[in-house]
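Structure assessment
One letter stands for each residue in the lines below.
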Amino acid sequence: GAVVSQHPSRVICKSGTSVKIECRSLDFQATTMFWYRQFPKQSLMLMATSNEGSKATYEQGVEKDKFLINHASLTLSTLTVTSAHPEDSSFYICSARLPLKNTEAFFGQGTRLTVV
Amino acid sequence: KNQVEQSPQSLIILEGKNCTLQCNYTVSPFSNLRWYKQDTGRGPVSLTIMTFSENTKSNGRYTATLDADTKQSSLHITASQLSDSASYICVVFTGGGNKLTFGTGTQLKVEL
C-alpha cells in the first residue's frame, strides 16, 4: 500500500513556541492531505483539509491562525502549531488518499506533541 | 447526523481466544467501510474494506462482515495474539469516499 510518513514522531516544546509537523506521501502524489487530532482513548477528529497550492479548509472550531497548514508540493504538507500551550498537547495524525481513489485513507505514524 | 458507534468500548481476552467487535453506523450516502488497527502511539492501518455489495471478507485471522440493511459491521479476530492488542476503529466513507466518519474505537487487550 501507499506510504505516508510523518515527522517527528514525538516532540516536547515550551509554552509559547511553535512546532512544525511534516507529512509526506512517499510513493504517490497527494493533492489533498488531512490533519487529525486525537485525544487519549478517543477517535480521530478532523482538523483541516490541506490542498496543494491553495488554502487549507478548516473544520468548525479549529483556529486557522493557531494551526497553520502549508501544502507547498504534491508530496508534502506541514502543520505548524503556533504559540503552543499545554492544552495543545495531543496526538496529531495526517492522512492522504491516492489520486482518483477515495476508498482508502493512508495515515502517517502520528506525532505526540507535549507542551510544557 | 452521520455517526459510527462501536462496541464494546474495551475488551480483554486471553491469548488464543476469539473475539468479535461491533460497528453500527448511521451514515449516508454510504461508500464503503474499513476497519483499521491502531497501535498505541501509531497511526491507523487498514485491515479490511467492505463495499455495499459485500457481506464478508477475510484477511488472515481477521474476518469482517457487513449488513447494509441493518447498517452493521463486525470484525472477528480468531486465535488472538498478544500483538493484536490495539485500538480497532471502524471508519465509514461517505459521499463517494470524500468524507470519513470515524467510530469511537474498541480497545482490545490480549493477555497471557
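Structure: above.
These notes cover the structure that comes with them. Here, residues in each chain are numbered from 1, in the same order as that chain's written sequence. Here the convention is simple: chains get letters from A, ligands get numbers from 1, in the order in which they are written. Note on the predicted model: pLDDT of at least 70 is required for a residue's local features to be given, and 80 or more for side-chain atom pairs to be given and counted; whole-chain, interface and lining totals, by contrast, use all residues. The basis for every side-chain value is the complete set of heavy atoms in the structure, and neither hydrogens nor water enter the calculation.

Another aspect to go through is the packing of aromatic side chains. Each Phe, Tyr or Trp ring (for Trp, its six-membered ring) is paired with any other whose centre lies within 6.5 Å, and the angle between the two planes then decides the class: stacked below 30 degrees, edge-to-face above 60, tilted in between. Inspection of the entire model under this criterion finds nine aromatic pairs over all chains. Between A:Y36 and B:F102 the ring centres are 5.2 Å apart and the planes differ by 75°, which places this aromatic pair in the edge-to-face class. With A:Y36 in strand β4 (residues 32–38) and B:F102 in strand β10 (residues 99–102), the pair connects residues from two separate chains. Chaining the aromatic ring pairs together yields one cluster made of A:Y36, A:F107, B:Y36 and B:F102. Charge over a ring is defined by NZ of Lys or CZ of Arg lying within 6 Å of the ring centre and within 35 degrees of the ring normal. A cation over an aromatic ring shows up here: B:R61 above the ring of B:Y62, its NZ or CZ 5.8 Å from the ring centre. Counting from the N terminus, the helices are DSSP H or I runs at least four residues long and the strands are E runs at least two residues long.

Here the focus is the pairing of strand β6 (residues 56–59) of chain B. All names here are of chain B. A pair of strands is treated as paired once DSSP finds two or more bridges between them. Two elements, β6 and strand β7 (residues 62–67), share four bridges in a ladder whose sense is antiparallel. In the sheet register, K57 faces β7, and the bridge partner there is A64. Hairpin connection from β6 to β7: two residues lie between these consecutive antiparallel strands, with G60 at a positive phi of about 65°.

Put simply, a disulfide is two cysteine sulfurs that come within 2.5 Å. The full count for this structure, using the stated rule, is two disulfides over all chains. The side chain of A:C23 participates in a disulfide bridge whose partner is A:C94; the two sulfur atoms lie 2.0 Å from each other. Judged by the sign of its S-S torsion, about 80°, the cystine formed by A:C23 and A:C94 is right-handed. Remark: A:C94 occurs in strand β9 (residues 90–98) and A:C23 occurs in strand β3 (residues 19–25); sequence separation between them is 71 residues. Overall, A:C94 belongs to the buried group, its relative accessible area being 0%. The disulfide partner of B:C23 is B:C90, and the S-S distance across this bridge is 2.1 Å. Under the scheme applied here, a residue whose accessible area is under 20% of the maximum for its type counts as buried, over 50% as exposed, and between as partly exposed, the area being computed with a 1.4 Å probe on protein chains only.

Residues and elements named next belong to chain A. Relative to the elements of secondary structure, S90 occurs in strand β9. Residue classification places S90 among the buried residues on the basis of a relative accessible area of 4%. As used in this structure description, the phrase polar contact means that two N or O atoms lie within 3.5 Å; if the pair is within protein, one of them must be able to donate a hydrogen and the other to accept it, and residues adjacent in sequence are counted only when both atoms belong to side chains. For S90, the side chain forms a polar contact with the side chain of R37, separated by 3.4 Å. A polar contact is formed between the side chain of S90 and the backbone oxygen of Q38, at a distance of 3.1 Å. For this analysis, residues touch if any pair of their heavy atoms sits within 4.5 Å. Residue contacts for S90: discarding those within four places in its chain leaves R37, Q38, F39, T111, R112 and L113.

Turning our attention to the nonpolar core. Residue and element names in this part refer to chain A. The biggest cluster of nonpolar side chains holds 25 residues, and the ones touching the most others in it are V4, W35, L79, Y92 and L113. Among the elements of the structure, β2 (10–13), β3, β4, β5 (45–51), β7 (67–73), β8 (76–81), β9 and β11 (111–115) are those that each provide at least two residues to this core. In this view, L113 contacts V11, C13, V19, V81, D88, S89, S90 and Y92; residues no more than four positions away in its chain are not counted. Throughout this description, the term nonpolar core refers to a set of buried Ala, Val, Leu, Ile, Met, Phe, Trp, Tyr and Cys residues connected via side-chain atoms within 4.5 Å.

It is common to report an interface's size as the accessible area lost on association of the parts. The interface is formed by 15 residues belonging to chain A together with 20 residues belonging to chain B. Both sides together, the interface formed by chain A and chain B hides about 1400 Å², and carbon and sulfur atoms give 50% of it. Whenever Lys or Arg places a side-chain nitrogen within 4 Å of a carboxyl oxygen from Asp or Glu, that contact is recorded as a salt bridge. For the interface between chain A and chain B, the tally reads one salt bridge. Residues A:E104 and B:R34 are paired through a salt bridge, measuring 3.3 Å at the closest nitrogen-oxygen approach. Between the two partners, chain A and chain B, sit five residue pairs in polar contact (both at pLDDT 80 or more). Contributing elements (two or more residues each) for the side of chain A that touches chain B: β4, β9 and β10 (101–107) of chain A. Buried area is understood as the total, over both parts, of accessible area removed when two parts are fitted together, assessed with a 1.4 Å probe.

Any functional reading would require information beyond the geometric quantities listed.
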